[in-house]
Amino acid sequence: MISLLERREKFRTYVSLTINECIKIGYDSLFIVSIVSIFMGAVTTIQTAFNLVGPLIPDYVISLVVRDMTLLELSPTIIAIVFAGKVGSNIAGELGTMRITEQIDALEVMGVNSSSYLVLPKIIASLLMFPILVIISATLAISGGYMAGVLTDVITGQEYIYGLRYEFNPFNIPFALVKSYVFAFIVASISSFQGYYTSGGALEVGKSSTNAVTNSCIFILIADYILAQVLL
Amino acid sequence: MIEIKNISKSFKDKQVLFDISGTFEKGRTNLIIGASGTGKSVLLKCLVGLLEPDVGSVLFDNRNFTNANKNLTTQIRREIGMLFQGSALFDSKNVEENIKFPLDILTNTPENEKIEKVNHCLELVGLEKINDKMPSELSGGMKKRVGIARAIVNDSKYLFCDEPNSGLDPLTAIKIDDLILELTQKLNTTTIVVTHDMNSVVEIGEYIMFLHEGKKLWEGNNKKILKTKVKELNDFVFSNKLMKKIK
């Protein structure tokens, strides 16, 4: 990690690299994040309705549950797992291929700090883009829940909105954002480490990608538990 | 000029290089030859700083590279151009961006001058109007040429080539050899080529260092090598039928 900050290149080099990484990491993940989020919200609504059916429980509880589950757990954590699968494997594969085809050696021979040049923009871009993806995901999940609830007649639109507003704890939003920063750092750093230290051939690049996703998922879940314990 | 003094290198329990010394003069093509697995590439990596020797030192024009501080290491590395065995072109960049890369990173040259330099280097290596092509669209020989163009674009004082002919047909291999020789003379660089290709040895071997099982067994030039009496070198040089017939 210290080597990322040593012998840095010109500032504008990092700006353009970080913008490119933001597009790759953020914009290119938008489609999968949207699909997963909409269905995540829709399924949560239907399943909550199925489990909570009864005369004593008002319907607006459905959207209240969807809101809290989405903000506290589903959007930060499930999207982090998706993020690890898409972006983490991509980072590890890209760096691993650069390593075995001597592109990283070429940077070093030119006097460029390869870890700083290649890894730092990925970590910064992840930290910038993942929280945005989580915000988009939460919005889409709650909207997906609304569509599923209204279309299947398990809840009316008015009740759904009322449930979203009912006893809303504003701390859930910063909590979700803190989680998203931690998860973004975990995915980008673990995946970069796995890719950067690949040695061998194509088989090892595949292994690095798999290890990047597996290790990221494990650390995300551990961090998820610790953050819930510490912050809630 | 590059000097190496008593270089030894081992990986875990296996010693790969044993006490190698030698001088690679400026303005001539210096070859490090030997069979596969004799430590040529390890020596080259020690020379360019990708590996640190266990013992010994590497001097670039009397500047000790092995024990250099970070500033001197960076300064020397910025004077080095290297052609890798697989060319090591950046996949995500086109030919122009690949060649321009050292200028983008290491200098403050204005953009139009950079483009001029890129085109000049492409002209030197015999490639023109391929600026927009991606590395995946190039043949093996073209990739090597682009790799050489990238290595010399920053007016490198030291040019290193790791197996420049591997994977190339004999005709293209000779063209690459000629190009290395021509650039060395024209740009007055200290050029070190690691190879096991006998064509290169005969064509461009102005100084040759022969490695066998990690030890330097012989040094000389392309005229002396054919008359050598060192058994291991003889076995290496005259390993194929054609060379035996010539002998």
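Residues numbered from 1 in each chain as written. Chains lettered and ligands numbered in written order. Predicted model: local features only at pLDDT ≥ 70, side-chain atom pairs only at ≥ 80, totals over all residues.

**Some points on the overall build of chain B**
- Of regular secondary structure, chain B possesses nine helices and ten strands.
- Compactness check: chain B gives a C-alpha radius of gyration of 18 Å against a globular reference of 18 Å for 247 residues, within 12% of the reference.
- Over its C-alpha atoms, taken along the principal directions, chain B stretches across nearly 55 × 45 × 30 Å.
- Of all 247 residues assigned to chain B, the portion counted as buried reaches 41%.
- In chain B, 66% of the contacts between residues at least 6 apart in sequence involve partners at least 24 apart. (Helix = DSSP H or I, 4+ residues; strand = E, 2+ residues; numbered from the N terminus. Rg over C-alpha atoms; globule rule 2.2 N^0.38 Å. Buried ≥ 20, exposed ≤ 12 C-beta atoms within 10 Å, placed from the backbone. Contact = placed C-beta atoms within 7 Å.)

**Some details on the sheet that holds strand 2 (residues 14–24) of chain B**
Residue and element names in this part refer to chain B.
- Taken in spatial order, the four strands of this open sheet run 2-1-4-5, and their pairing is antiparallel. Across the chains shown, the open sheet's two edge strands, defined by having one partner strand only, are strand 2 and strand 5 (63–64).
- Relative to the sheet, helix 1 (residues 40–48) contacts strand 1 (2–11), strand 2 and strand 4 (55–60), its axis offset from that of strand 1 by approximately 120 degrees. (Pairing = 2+ DSSP bridges. Axes fitted to C-alpha atoms, helices over the stretch in contact; angles between N-to-C directions.)

**Quick look at the interface of chain B and chain A**
- The partner chain A presents 13 residues to the 15 residues of chain B that form the contact.
- Going through the elements one at a time, helix 2 (70–77), strand 6 (80–83) and helix 3 (95–106) of chain B are the ones with two or more residues in the side of chain B that touches chain A.

**Focus on the domain arrangement of chain B**
All names here are of chain B.
- For chain B, the assigned domains read domain 1 (2–79 + 158–246) and domain 2 (92–156).
- Put simply, the parts of the chain that give the side of domain 1 that touches domain 2 at least two residues each are strand 7 (158–162) and helix 6 (170–187).
- Top contributing element to the side of domain 1 that touches domain 2 by residue count: helix 6, with five residues.
- Residue composition of the side of domain 1 that touches domain 2, by class: eight nonpolar, three polar and two charged. (Domains from an automatic or database assignment. Nonpolar A, V, L, I, M, F, W, Y, C, P; charged D, E, K, R; others polar.)

**Quick notes on the pairing of strand 9 (residues 207–212) of chain B**
Residue and element names in this part refer to chain B.
- Across four bridges, strand 3 (residues 29–33) lies against strand 9 in parallel orientation. Paired with Asn30 across the strands is Tyr207, a residue of strand 9.
- Two strands pair when backbone bridges link them, and strand 9 and strand 10 (residues 215–220) are joined in this way by five bridges, in the antiparallel orientation. If you follow His212 over to strand 10, its bridge partner there is Lys215.
- Linkage of strand 9 to strand 10, two consecutive antiparallel strands, is achieved through a turn of two residues, within which Glu213 is found at a positive phi near 50 degrees.

**Comments concerning the nonpolar core**
- Grouped together as the largest cluster of nonpolar side chains are 114 residues, with contacts concentrated most on Val187(A), Ile32(B), Leu43(B), Leu47(B), Met82(B), Ala149(B) and Phe160(B).
- Here this core takes 15 residues from helix 5 (residues 114–151) of chain A, the largest share from any one element.
- Mapped onto the domain boundaries, this core takes at least three residues apiece from domain 1 (2–79 + 158–246) and domain 2 (92–156) of chain B.
- Beyond its immediate chain neighbours, meaning those up to four positions away, Leu47(B) contacts Ile2(B), Ile4(B), Val58(B), Phe160(B) and Ile192(B). (Core = buried A, V, L, I, M, F, W, Y, C linked by C-beta atoms within 7 Å.)

**Let's talk about the confidence of the model for chain B**
- Taken residue by residue, chain B gives an average pLDDT of 89. The fraction at 70 or more is 98%.
- For this predicted complex, the interface score ipTM comes out at 0.87, alongside a pTM of 0.87. (pLDDT = per-residue confidence, 0-100.)

**With respect to the pairing of strand 2 of chain B**
- Inspection of the sheet shows strand 1 of chain B paired to strand 2 of chain B by seven bridges, in the antiparallel sense. Across the sheet, residue Glu3(B) finds its bridge partner in strand 2 of chain B, namely Thr23(B).

**Regarding helix 5 (residues 140–152) of chain B**
Residue and element names in this part refer to chain B.
- Taking 1.5 Å per residue as the helical rise, helix 5 with its 13 residues ought to reach 18 Å, and the 19 Å between its terminal C-alpha atoms agrees with that figure.
- Among the 13 residues of helix 5, eleven are classified as buried, and the element is accordingly described as predominantly covered.
- Buried-residue contacts for helix 5 involve strand 6, helix 3, helix 4 (111–124), strand 7 and helix 6. (Expected span 1.5 Å × (residues − 1).)

**Quick notes on the sheet that holds strand 6 of chain B**
Residue and element names in this part refer to chain B.
- What the six strands build is an open sheet, ordered 6-7-8-3-9-10; its pairing is mixed. Looking at the sheet topology across the chains shown, the edges are occupied by strand 6 and strand 10. Averaged over all neighbouring strand pairs, the angle between strand axes comes to 15 degrees, with direction disregarded.
- Pairing analysis gives five bridges linking strand 7 to strand 8 (residues 190–195), with the strands arranged parallel.

**Overview of the environment of Ser136(B)**
- Mapped onto the elements of the fold, Ser136(B) is located in the loop between helix 4 and helix 5.
- Distance from Ser136(B) to Lys216(B), taken between C-alpha atoms, is 38 Å for residues 80 residues apart in sequence.

**Some points on the environment of Gly201(A)**
- As for its placement among the helices and strands, Gly201(A) is situated in the loop between helix 7 (172–196) and helix 8 (202–231).
- For the pair Gly201(A) and Thr101(A), spaced 100 residues apart in sequence, the C-alpha separation works out to 8.7 Å.

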